[in-house]
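Below, each chain spelled out in residue letters.
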Amino acid sequence: MSRGLARGTAVALLATALAACGGGDGSGGGTSGSGTGTGGESRELTFWMYQDRTPQAGQVIERIRRDFERANPGVTVKLVKIPKDDYNTKLGSALAGGSAPDAGILDQPLVSKYALDGTIEEVPAGLIDEAGYYRGALDTNRAGGKLYGLPQDQTTVALFYNRRLVPAPPKTWDELKQAAARVHAADPDVAGMNVPKGDGYGAWMFPGVVHGAGGAMVDDAAKKVLFDQPPAVEALQLWVDLQKSSPRAITDSDKPFENGRAAMTISGPWDVPTIKEQFPDLDFGVAPLPYKTEPAGNIGGENSVVFSTSDDPDLAWKWLAFLAGPDHNGAVADALGGFPVHLKARVVAGGPEQAAFLEQLKVARARPAVPQWIQVNDEIIAPAIESALTGRATARQALADAAARTRSLLGWTG
Amino acid sequence: MAAPVLERPPARPGGRARRRPDARRRDHLIGALLVAPALAYFLVFLLYPALSALSYSFTDWNLRTEAAWVGLANYAGLLFDDVKYPHFWKSVGVTLQYTLIAVPLTLVTALAQALLLNAVRRGANVFRLLLFLPVVTAEAAVGAIWRWLYDPQYGLINTLLGLVGIPGQNWLNTPELVIPALAFIAAWQCGISMIIYLAGLKGIPGSVQEAAIIDGAGPWQRFRRVTFPMLRPTTFYLLVTGVIAALQVFGLVYVIFSGNGRSVTGGPEQSGLTYVLHLYLFAFRYDAMGAACAMSFILLVFIVIVTALQFRFVKQEAA
């Protein structure tokens, strides 16, 4: 029995034992290894992606897949769709078992990790014209200055506001605090804002607020932790202040914004169609995040990479560039639930909310390219945010402590 | 199942001595064949991965690159390094708290349900089905239902408490209440224990109960002096398996704190960060499979010790 198989079995066992509750398992784990040989006419390519958000999105991807096959006779592209919650687990198992696909979607913070240990290939020179892409989205694919993947869609979060409670969206932190206080004073059963919490998700949103005060979380080139500096402390203090007009007993209930119990919340474009469908009576708008000194936001979305084990990397890159290119990226990004990453790609027309997200994306910043960032985010920053929000520590103490822990973990001195 | 093969007709007297070793060998072969699938399953899917996990626990491994040997560093780090694993001991505490609440609560609920079912004359099948339903309900649905029940604004539980004048709580978002709230769900899902208790109850001879009645024992005395002692083997079995399962609790926490595709980081202030959830995060989110394997072996050793202590100190025989 080969080593690879051994690892695969060990990991698959752990994975199934632990993640068995992850829901629909339709696509089945490490499907068919890498594409078959390079020889002759028929070339096969396996591409892993998240499960379709909607049946329509699946049809769009299917159409583009057929277009690619028609443009490249003899090529078969095999799409393997995996529920998003299980994706990284399954990919890890497949990599360990030596059955990784040729190419696949990869979560932004994983790109720098995978690049550093040689799991993924560098983008070949001349594949794309970098000037044709949104810079923030392209930057999420860089590690050590080199490009390791192509973005496929990008997304961001913005401020959702209930028009009945907040007629005009606040632009600055002060206006935000006033708006929240007004709402809660008018009706103590309604919270001003669904303030993010000290969990992984809240910690992910936090940098966008820090940038809005002119700060940053880290300076990864200089190996310096910056989130104990005044901009981050002020950003956390903003959330602490907002909680006064936003009791958790209200905001922790089911869908507080949708049910009209919280006047404002922070969320992304993925929530717009869901809210419109499930809460047709809710009159809401979307505006860029309020800021202190400069408009800013954070960036999310899906990147795509070619795995080093691929038998046919050229074909894999061709497919990824096809998806990310100006002709198809508009439809691809829409199907994936985000906005195009190519400057010339057509933005699929959306509702009036779209303008706010696009404006936000112009000032969005990629998250720190630190391989251990997810752990720092979950295990250090999230608890620090929570301890400030629950009043166990001041914002300054909580972040100073978290910064010290982060320095020890990363071995940074600054 | 193998009976027809084994119960062959008696052989002719003359041939008996000659054929016997042959037949025995055949019986052995058939026996081996019959256990082969289970043995193969055990070797390939349990023992072998467990042994490779043990060897990976001495390495630094991210699933993608070659594992690097680090000796006991993972074990030492988990136990003593507060920087690398800031929430390890928290997760141990959370899991112990959960076990101490969930296991007794589950046993009491299961026994109470079994006693009621045993006493019911009509419709026992219907009640049994209803009480067993939580076990066969999909975990994701269980999570959604209980998030609703525990909702601080609309939740049924707060509404009921309100009827008796107890102020509503923010159950799943108050660190002190998270584990009791989860243990309560576990007790609601006690169907399997309930069925085993029910079988135990059916196994108590009617004559013993009758003798107690003739001796003038009331219902409570009969339960305390007859039924409960007679159920001791059942209770012991459920206690041991329940503790093992509780120490490994994962699915319940995962479904309660996930939703909207958000990452599960263990509830408010890590109050729901159970040991195996912590292990899962290190294995599949923080890229530290070596440390995760070490965690699973620390858990294994702990479970063996706890189980051995139970065998030593808890009464097992029916009295």
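What counts, and at which threshold
- Residues numbered from 1 in each chain as written.
- Chains lettered and ligands numbered in written order.
- Predicted model: local features only at pLDDT ≥ 70, side-chain atom pairs only at ≥ 80, totals over all residues.
- Heavy atoms only, no water.
- Buried < 20%, exposed > 50% of the residue type's maximum accessible area, 1.4 Å probe, protein only.
- Helix = DSSP H or I, 4+ residues; strand = E, 2+ residues; numbered from the N terminus.
- Arc of directions from axis to C-beta.
- Domains from an automatic or database assignment.
- Contact = heavy atoms within 4.5 Å.
- Buried area = accessible area lost by both parts, 1.4 Å probe.
- Salt bridge = Lys/Arg side-chain N within 4 Å of Asp/Glu carboxyl O.
- Polar contact = N/O pair within 3.5 Å; in protein donor to acceptor, adjacent residues only side chain to side chain.
- Nonpolar A, V, L, I, M, F, W, Y, C, P; charged D, E, K, R; others polar.

### A short note on helix α13 (residues 353–362) of chain A
Within the span of α13 of chain A, buried status applies to E353, Q354, A356, F357, Q360 and L361 of chain A. Down the axis of α13 of chain A, the buried set is contained in an arc of 160 degrees. They therefore lie on one face.

### Structural notes on the domain arrangement of chain A
Residues and elements named next belong to chain A. As far as domains go, chain A holds domain 1 (22–155 + 300–365) and domain 2 (156–298 + 368–410). Using only C-alpha atoms to locate each centre, domain 1 and domain 2 end up separated by 29 Å. Listed by partner, the interface residues are 18 residues for domain 1 and 25 residues for domain 2. Between domain 1 and domain 2, roughly 1800 Å² of surface is buried when both sides are summed, and carbon and sulfur atoms account for 64% of that area. Three residues stand out in domain 1 for area buried against domain 2, namely F357, Q360 and R365, and they jointly supply 37% of the buried area on that side. Taken together, the connections running from domain 1 to domain 2 amount to two salt bridges. When the shortest N-O distance is used, the salt bridge between E294 and R365 registers 3.8 Å. The interface formed by domain 1 and domain 2 includes five residue pairs in polar contact (both at pLDDT 80 or more). Listing elements by their share of the side of domain 1 that touches domain 2, those giving two or more residues are α4 (108–116), α13 and β14 (364–365). Across the side of domain 1 that touches domain 2, the residue classes tally to nine nonpolar, four polar and five charged.

### Overview of the interface of chain A and chain B
On the side of chain B, 48 residues touch chain A, which itself brings 47 residues to the contact. Of the roughly 4300 Å² buried between chain A and chain B on both sides combined, carbon and sulfur atoms contribute 57%. The tally of links from chain A across to chain B stands at six salt bridges. Residue E176 of chain B pairs with R392 of chain A through a salt bridge whose shortest N-O separation is 3.8 Å. Mapped onto the side of chain A that touches chain B, the elements with two or more residues apiece are α1 (3–19), α3 (84–96), α4, α7 (200–211), α9 (248–251), α14 (373–389) and α15 (395–410) of chain A. In terms of residue class, the side of chain A that touches chain B is made up of 19 nonpolar, 12 polar and 16 charged.

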